[in-house]
Amino acid sequence: MPPARPFALVFTEQYNRRAARFLKRHPDLRQQYLKTLQVLQANPAHPSLRLHPLRGKLEALYSVSINLSYRITLELLIQDGKIIPVNVGDHDAVY
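What counts, and where the lines are drawn
- The residue numbering used here restarts from 1 in each chain and proceeds along that chain's sequence as written.
- Local features in this predicted model are restricted to residues of pLDDT 70 or higher, and side-chain atom pairs are both shown and tallied only at a pLDDT of 80 or more, whereas totals for entire chains, interfaces and linings draw on every residue.
- Derived side-chain values reflect all non-hydrogen atoms in the structure, with water molecules and hydrogen atoms excluded from consideration.
- Relative accessibility thresholds used throughout: buried, under 20% of the residue-type maximum; exposed, over 50%; partly exposed, between the two (1.4 Å probe, protein chains only).
- Every helix listed is a DSSP run of H or I at least four residues long, and every strand listed is a run of E at least two residues long, numbered separately from the N terminus.
- Two strands form a pair only when DSSP identifies at least two bridges running between them.
- We call a set of buried residues a nonpolar core when its members are Ala, Val, Leu, Ile, Met, Phe, Trp, Tyr or Cys and they connect through side-chain atoms within 4.5 Å of each other.
- Residues are treated as being in contact if the distance between any of their heavy atoms lies within 4.5 Å.
- A pair is scored as a salt bridge if a Lys or Arg side-chain nitrogen falls within 4 Å of a carboxyl oxygen belonging to Asp or Glu.
- Working definition: a ring pair exists when centres of Phe, Tyr or Trp rings (six-membered ring for Trp) sit within 6.5 Å. Plane angles under 30 degrees give stacked, over 60 give edge-to-face, the rest tilted.
- Axis lines are fitted through C-alpha atoms, for helices just across the contact stretch, and the angle between N-to-C directions can take any value from 0 to 180 degrees.

Asker: Residue-level account of the pairing of strand E4 (residues 70–77), with values.
Answerer: The two faces of the sheet receive side chains in turn, since in a regular strand these alternate between them. Burial of E4 is extensive: six of the eight residues sit out of reach of the surface. Here strand E3 (residues 62–65) pairs with E4 via four bridges, running antiparallel. By the bridge assignment for E4, Val 64 is matched with Ile 72. From the end of E3 to the start of E4, which pair antiparallel, there are four residues. Of the strand pairs in this sheet, E4 and strand E5 (residues 82–90) are connected by eight bridges, and their pairing is antiparallel. Looking at the pairing, Leu 76 lines up with Ile 83 of E5.

Okay, here's the thing in structure tokens:
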């Protein structure tokens, strides 16, 4: 069986600005953040990401964990093989 094709991460300008602000405030999380994106691209279902759908006003989005305190919210477009990060930050900032 051939290996699964990696997903395409699609970064919007708005997300890039949010991520830059997040990394400026939390430079110590840069490696963990980049590793999370790497794992997300290779296998969104990886247990370390704790991928789960959101409810309420963010119902169309999913969340993955960078660590216990910080999350990335994202759109997961499985049919197109695309993952579009929407926001990054602590629980209160992204929800």
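Asker: For the nonpolar core, give the residues involved together with the corresponding values.
Answerer: Grouped together as the largest cluster of nonpolar side chains are 20 residues, with contacts concentrated most on Phe 22, Tyr 33, Ile 72 and Val 88. When residues of this core are traced back to their parent elements, those giving at least two are helix H1 (13–25), helix H2 (30–42), E4 and E5. Not counting residues within four places of it along the chain, the set of residues in contact with Ile 72 comprises Tyr 15, Tyr 33, Thr 36, Leu 37, Tyr 62, Ser 63, Val 64, Ile 66, Pro 85, Asn 87 and Val 88.

Asker: Can you lay out the pattern of salt bridges for me, pointing to particular residues and giving the numbers?
Answerer: Taken as a whole, this structure holds one salt bridge when the rule is applied. Note that Arg 17 and Glu 13 form a salt bridge whose closest N and O atoms lie 3.8 Å from each other. Placement of both Arg 17 and Glu 13 in helix H1 is noted, with a separation of four residues, approximately one turn of the helix. What makes Glu 13 exposed here is its relative accessible area of 64%.

Asker: So what's going on with the environment of Ala 19? Residues and values would help.
Answerer: For Ala 19, the position within the fold is in helix H1. Residue classification places Ala 19 among the buried residues on the basis of a relative accessible area of 6%. Distance in space between the C-alpha atoms of Ala 19 and Pro 47 is 23 Å, their sequence separation being 28 residues. Leaving out residues up to four positions away in the same chain, Ala 19 has contacts with Tyr 33 and Val 88.

Asker: Could you give an account of the packing of aromatic side chains, naming the residues involved and the relevant values?
Answerer: Scanning the model with the defined rule gives three aromatic pairs in all. Ring geometry for Phe 22 and Tyr 70: centres 5.5 Å apart, planes at 65 degrees, overall edge-to-face. With Phe 22 in helix H1 and Tyr 70 in strand E4, this residue pair connects regions lying 48 residues apart in the sequence. Members of the aromatic cluster, each reached through a chain of ring pairs, are Phe 22, Tyr 33 and Tyr 70.

Asker: Break down the sheet that holds strand E1 (residues 8–9) for me, citing the residues and quoting the values.
Answerer: The strand order E1-E5-E4-E3-E2 describes an open sheet built from five strands, whose pairing is mixed. Looking at the sheet topology across the chains shown, the edges are occupied by E1 and strand E2 (52–53). Those strands touched by H1 are E4 and E5, and its axis lies near 35 degrees from that of E5. Contacting E1, E3, E4 and E5, H2 runs over the sheet at an angle of about 25 degrees to E4.

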